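Results of the structural survey
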Amino acid sequence: MLTVVQLRRVLAYFFLLTYVVLLGITWDGIDFAWARSEGALTFGFAVAVWLTYGLIYLLPALLITGLVEKLVHRQREHGHKAVFYPWPYSSTGITTLFFYANAKLYTLYGMFINSFVINLVSTPGGLESLGASTASKLTFVAIAAAFLLLQALLLAATLYAYRRFGEPNWIPRRFFTGLLILFAVTTVGERLVYAYTTATGVASISSLTLKVPYYLGLSARGVLHRLGVKVKRSQTFQLAQGNLNYPLHPLEVTTPAAPLNIVWLVSESWRADTLDAEIMPHTWAFAQNAQRFTHNYSGGNGTRVGMFTMFTGIPGNYWFPVLAERKGAPLIDVLKSQNYQMSFYTSAKFSYPEFDATIFSQVPTEQLHEIAGGAPGWEKDQQNVAHLLKFIDTRDKHRPFFTFMFFESPHARYYFPPESVIRTPYLDDINYFTLSKTELASQIHLIKNRYLNSVHHLDSQFGRVFDYLKQHDLLKNTVVLMLGDHGEEFLENGRWGHNSAFTDQQTRTPLVLWVPGMKPSVYEGMSNHMDVIPMLMPMLGVKNPQQDYTTGFNLLAGETRDHAVIAEWSSTGYIDRDAKITLPLSVVAAQHPLVTGPHDEVLSPQEQDALFARKAKNLAAMLEELGRYLKKSKSGK
């Protein structure tokens, strides 16, 4: 039996081996080739981050094991099995699995485990929204088990080797003490480099840390300035804080003499460039006789914000106070006040994202229709369209109606029946947990073909709705609205999917609006999901100034917008004809913002700085929009 001292040595070697495993997992996540091209300082910083990052996040497992070991081994000379077996391998197994999940998330989607991912896992319907196949789920279970097994085997091998060969003579006696000292010096030095370079405007260092999960930088602008270092000035903006005050005033509504019906169709992941005569022949033909907006931006790069902004007409940063107060969309209040018949359908869930607690919180549960079970998205879409058309068919024809449907066919893994295939070859299935970065890049054209087939199927379901409305002569008194919640990227800018960046592919969607009696037109100016509400509300008899309930524009009345605001879980974006600027939602520009051309053109650090400085007034004006509907709002710069 090992003594307590020997057990501690075994644990020390075991944690050292685990650290090596973490180095292997994180190796692919740091772009050493790019860092080397940026110079010796950036490359050295990349190596330092790689060496220290794993040990920092191994500390919780070390502390847990150390604490248990101290408690169990009080007044004992020999080691106890309760310390040796469950704690080290379970805590390190969880740590290595967490590292692997982070690396896989970044490889596939360009994001790390964050509050958005936690919300996805913890909210009913969240995991289902991922669309993972049975093979993907089984693979994840197998990988999780494999990491726990790996740590158990490492622990067993370390114990066996120590018992068989004893203490290695080639390792210095104070090896681990020296290792900890080296770690402390390296991590402090690395953070000092970060503080100096960010203060003096060396963008390569801060750019590299964006690819390191939860990197904790150090700011020392004041100290460096006092030491005589020329510190680069930083323009900062603070978001408003306060309680929700939305709308600003009660809505004044005069019911129209002939209320219009509304059919509102939204598709998951419907990107702008798929609306053409080949991929979507039915929708393209319908759009030729409607209002077609060719430069439309979603309010965000994910379903949550995309849906929220189109139904409320306000930016995505208001999602959190709206959720906290369970405030519904004013549009629904207007419809209810005019005795509209309403029915809502989704091939996903109303609970994820939490639309039943936000935009649809005042809609009776019996009007929110979901399809239970694990049928693929295309089948649910077909069933829901049948239910939607039945609702219209059996309605009270003396009252106006509003119906909404959320389509799921183009959601990854991209669902379609055999008759919807227009692109071959395509990947038969997508196993998220076995795709490497190299495999993803080599197969992305096959994955995109799956997506295009799914959009073609979406078109067939839109076509069913168009045909019904035409056959029943309903287009003369029915507004029809079609748009995507967000787009979908296929590595055009290095990412796959959505929710990871404000690239054009992730944020640009079609927007088609049929208004009875209105001449067809193509609007080539910029539009935003937040423009939907100010275009619809006047048709419903709302008399308030637009600023009372939206930051959008009534593009049908000749208004124009010069910029778009987009948001995601923790960032906001500003887009105009010159620039696209991505900023944290809490404190803007405290770190280097991401600045590109308006269509994601890569800019040099000098060009980014100059463009950001030139847009300072525009960003300050954007903050008014982000704080307009909060009481006691205040912004500073």
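Residues numbered from 1 in each chain as written. Predicted model: local features only at pLDDT ≥ 70, side-chain atom pairs only at ≥ 80, totals over all residues. Heavy atoms only, no water.

**Things to note about empty space enclosed by the protein**
Heads up, the rule is: Space inside and on the surface of the protein is sampled on a 1 Å grid over the protein atoms alone, with a cavity defined as a set of points where a 1.4 Å probe fits but cannot get out and a pocket as an open set with protein on both sides within 12 Å along at least 5 of 7 lines; lining residues have an atom within 4 Å of a point. Grid points are joined across faces, edges and corners, and a volume is the space filled by probe spheres set on the points. Gly counts as polar in this scheme, as do all residues outside two lists: the nonpolar Ala, Val, Leu, Ile, Met, Phe, Trp, Tyr, Cys and Pro, and the charged Asp, Glu, Lys and Arg.
Scanning all chains against the criterion turns up two cavities of 30 Å³ or more. The calculated volume of the second largest cavity comes to roughly 30 Å³. L260, I262, V479, L536, M539 and L540 together form the lining of the second largest cavity. Across the lining of the second largest cavity, the residue classes tally to six nonpolar, no polar and no charged.

**Points about the confidence of the model for the protein**
Residues shown with low pLDDT carry predicted positions that ought not to be read at fine detail. We apply this condition: You can read pLDDT as the predictor saying how much it trusts each residue, on a scale of 0 to 100. Here a residue-residue contact requires only that any non-hydrogen atoms of the pair lie within 4.5 Å.
Residues of the protein with pLDDT of at least 70 account for 86%, and the chain-wide mean is 86. Considering only residues more than four positions removed or in separate chains, one finds that residues 633–637, a stretch of pLDDT under 50, has 14 contacts.

**Regarding helix α3 (residues 40–72)**
Put simply, the test is: Each helix corresponds to a stretch of at least 4 residues labelled H or I by DSSP, and each strand to a stretch of at least 2 residues labelled E; elements are numbered beginning at the N terminus. One less than the number of residues in a helix, times 1.5 Å, gives the span that helix is expected to have. Here the bend at a residue is taken as the angle between two axes, fitted respectively to the seven residues that end there and the seven that start there.
When the terminal C-alpha atoms of α3 are compared, their 48 Å separation across 33 residues agrees well with the 48 Å that a helix rising 1.5 Å per residue should span. Along α3, the sharpest change in direction is near 40° and occurs at L58; proline P60 comes one to four residues later.

**Things to note about the sheet that holds strand β5 (residues 368–370)**
Going by this rule: Each pair of strands is called paired provided DSSP finds at least two bridges between the two strands. Axis lines are fitted to C-alpha atoms, over the contacting stretch for helices. Their N-to-C directions set the angle, which ranges from 0 to 180 degrees.
Reading across from one edge, β5-β4-β6-β2-β7-β10-β3-β11 is the order of the eight strands in this open sheet, with mixed pairing throughout. Either end of the sheet is taken by a strand with one partner, and the two such strands are β5 and β11 (521–528). When the angles between neighbouring strand axes are averaged without regard to direction, this sheet yields 15°. Of the strand pairs in this sheet, strand β2 (residues 261–267) and strand β7 (residues 478–484) are connected by seven bridges, and their pairing is parallel. Note on β7: the bridge partner recorded for L265 is M482. Against the sheet, helix α12 (residues 303–312) engages β2, β6 (401–407) and β7, with an angle of about 160° to β6.

**Thoughts on the pattern of salt bridges**
As a reminder of what qualifies: For salt bridges, the criterion is a side-chain nitrogen of Lys or Arg within 4 Å of an Asp or Glu carboxyl oxygen. Think of it in three bands: residues with accessible area under 20% of the maximum for their type are buried, residues over 50% are exposed, and the middle band is partly exposed, with areas taken using a 1.4 Å probe on protein chains only.
Here the structure, examined in full by the defined rule, presents 16 salt bridges. Here R304 ties to E354 by a salt bridge, and the two come within 2.8 Å at their closest N and O atoms. Here the residue R304 occupies a position in helix α12, and E354 occupies one in the loop between β4 (341–346) and β5, the gap between them amounting to 50 residues. Classification of R304 as buried rests on a relative accessible area of 7%. A relative accessible area of 11% places E354 in the buried class. One salt bridge in this structure joins D473 and K476, with 3.1 Å as the shortest N-O distance. Residue D473 is classed as partly exposed on the basis of its relative accessible area of 43%. Connected through salt bridges with shared partners, the residues R271, D273, K448 and E492 form a single ionic network.

**Comments concerning the pairing of β6**
Among the seven residues in β6, seven count as buried, and that is most of the element. Because side chains alternate across β6, one face comprises the buried residues F401, T403, M405 and F407, and the other comprises F402, F404 and F406, equally buried. Sheet topology places β2 next to β6; six bridges connect them, and they run parallel. Bridge assignment links W264 to a residue of β6, and that residue is F404. Pairing geometry for β4 and β6, over six bridges, is parallel. Bridged to S343 within β6 is T403.

**Thoughts on the nonpolar core**
The tendency in soluble globular proteins is for nonpolar side chains to be buried as a group. Quick reminder of the rule: What makes a nonpolar core is a set of buried Ala, Val, Leu, Ile, Met, Phe, Trp, Tyr and Cys residues whose side-chain atoms join them at distances within 4.5 Å.
Counting 50 residues, the largest nonpolar core has W264, M307, F311, F344, F360, F402 and F404 as its most contacted members. Not counting residues within four places of it along the chain, the set of residues in contact with F402 comprises I262, W264, F311, L335, Y340, Q341, M342, S343, F344 and F391. I430, L435, L458 and L469 belong to the second largest nonpolar core, which has 44 residues in total.

**What to know about the packing of helix α19 (residues 605–614) against helix α20 (residues 616–627)**
Put simply, the rule reads: Between 65 and 115 degrees an angle is taken as roughly perpendicular, under 35 as roughly parallel, over 145 as roughly antiparallel, and anywhere else as oblique.
For the pair α19 and α20, interaxial distance at closest approach is 4 Å and the crossing angle is 55°. With respect to each other, α19 and α20 are oriented oblique. Residues F612, A613 and R614 of α19 touch α20, and the partners they reach there are A616, N618 and L619. Counted by class, the contact of α19 with α20 contains four nonpolar, one polar and one charged residues.

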